[in-house]
Amino acid sequence: MRAGLRADPVMNFREITPADLPALILVRIDAVENRATLEGLTSIGVTIESTTQRLATTHKGWLCEISGVPVGFTIGNGSTGELEVIAVLRAYEGRGIGRKLMAFIQDWLWSQGSEKLWLTTGLPPSRAYHMYTKLGWTNVGLLAHGGSVRMELDKPL
């Protein structure tokens, strides 16, 4: 390689396995938007054990890894059409990882029979909200607690 040129590391996208979950919890905690702590996740029932169970039944997810280290992931619920989580490490934002993960989860959710996908996200303006709208998601309303909105995406024809 010529001096001054930087090689971008190879991004590998693959399905999540239960063995990935401890590292993915760390990615989730590092995410800038929709901040979470280990205690907070545990208090709402998001644990390695509960996520393992969901992945074995109604849920599926994908991750992006660089040099074998997870840097982003997404998980969706095939029985409801909900995109439950997408998170990318701060240091890897802006590289298209979130967009690629969105494509994986959307395609899978539609393959499960969903005609309309949904998610909740923080109020605009936020990076996540901006990404969702660029990908065609529509804000359908403020949630009762007032701190988030519900967004939906219709299945393409």
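Refer to the structure printed above.
Structure report, in brief. Within each chain, residues carry numbers counting from 1 in the order of the written sequence. Where local features are concerned, this predicted model is filtered to residues with pLDDT of at least 70; where side-chain atom pairs are given and counted, the filter is 80 or more; whole-chain, interface and lining totals use all residues. Side-chain figures throughout are based on the complete set of non-hydrogen atoms in the structure, without hydrogens or water.

**Some thoughts on the environment of glutamate 39**
With respect to the element layout, glutamate 39 can be found in helix H2 (residues 38-43). In this structure, the C-alpha to C-alpha distance between glutamate 39 and leucine 83, residues 44 residues apart in sequence, is 22 Å. We count a stretch as a helix when DSSP gives it H or I for four or more residues in a row; a strand needs E for two or more, and each element gets its number in order from the N terminus.

**What to know about helix H3 (residues 48-55)**
Buried residues are those whose accessible area, probed at 1.4 Å on protein chains only, stays under 20% of the maximum for their type, while exposed residues exceed 50% and partly exposed ones sit between those limits. Three or more residues of H3 are buried, namely Ser50, Thr51 and Leu55. The buried residues of H3 occupy an angular sector of 135° when projected down its axis, which confines them to one face. Contacts made by the buried residues of H3 are with helix H1 (21-30), strand E2 (59-66) and strand E3 (69-77). It is the directions from the helix axis to the C-beta atoms that the arc portrays. In what follows, a contact means two residues having at least one pair of non-hydrogen atoms within 4.5 Å.

**Some points on the side chain of glutamate 82**
Examined against the element boundaries, glutamate 82 turns out to sit in strand E4 (residues 82-88). Residues scored as positive are Lys and Arg, those scored as negative are Asp and Glu, and His as well as the terminal groups of each chain are ignored. The rule for a salt bridge is simple: a side-chain nitrogen of Lys or Arg has to be within 4 Å of a carboxyl oxygen of Asp or Glu. In this structure glutamate 82 is buried but unpaired, with arginine 150 as the nearest side chain of opposite charge at 7.7 Å. Excluding residues within four positions of it along the chain, glutamate 82 makes contact with Gly76, Asn77, Leu109 and Trp118.

**Some remarks on the pairing of strand E6 (residues 138-142)**
DSSP calls a pair of strands paired once it identifies at least 2 bridges connecting them. Examined bridge by bridge, E6 and strand E7 (residues 148-154) share four bridges and lie antiparallel to one another. Residue pairing for E7: glycine 141 is matched across the bridge by arginine 150. Taking the residues between adjacent antiparallel strands as the criterion, E6 and E7 are bridged by five residues, where glycine 146 takes a positive phi near 85°.

**Some remarks on the packing of aromatic side chains**
In this description, an aromatic ring pair is defined by two values, namely the gap between the centres and the angle between the planes. Stacked, tilted and edge-to-face pairs are distinguished by plane angle, under 30 degrees for stacked and over 60 for edge-to-face with tilted covering the rest, among Phe, Tyr and Trp rings (Trp via its six-membered ring) whose centres lie within 6.5 Å. Throughout the structure, instances matching the rule amount to four aromatic pairs. Ring plane angle 55° and centroid distance 6.2 Å describe the contact between tyrosine 132 and tryptophan 137, whose orientation is recorded as tilted. No difference in accessibility class separates tyrosine 132 from tryptophan 137, as the two residues are buried. Aromatic rings pair up to connect Phe13, Trp62, Phe104 and Trp108 into one cluster. Counted as over-ring charges are cases with an Arg CZ or a Lys NZ within 6 Å of the ring centre that also lie within 35 degrees of the ring normal. It is lysine 100 that lies over the ring of phenylalanine 13; its NZ or CZ is 6.0 Å from the centre.

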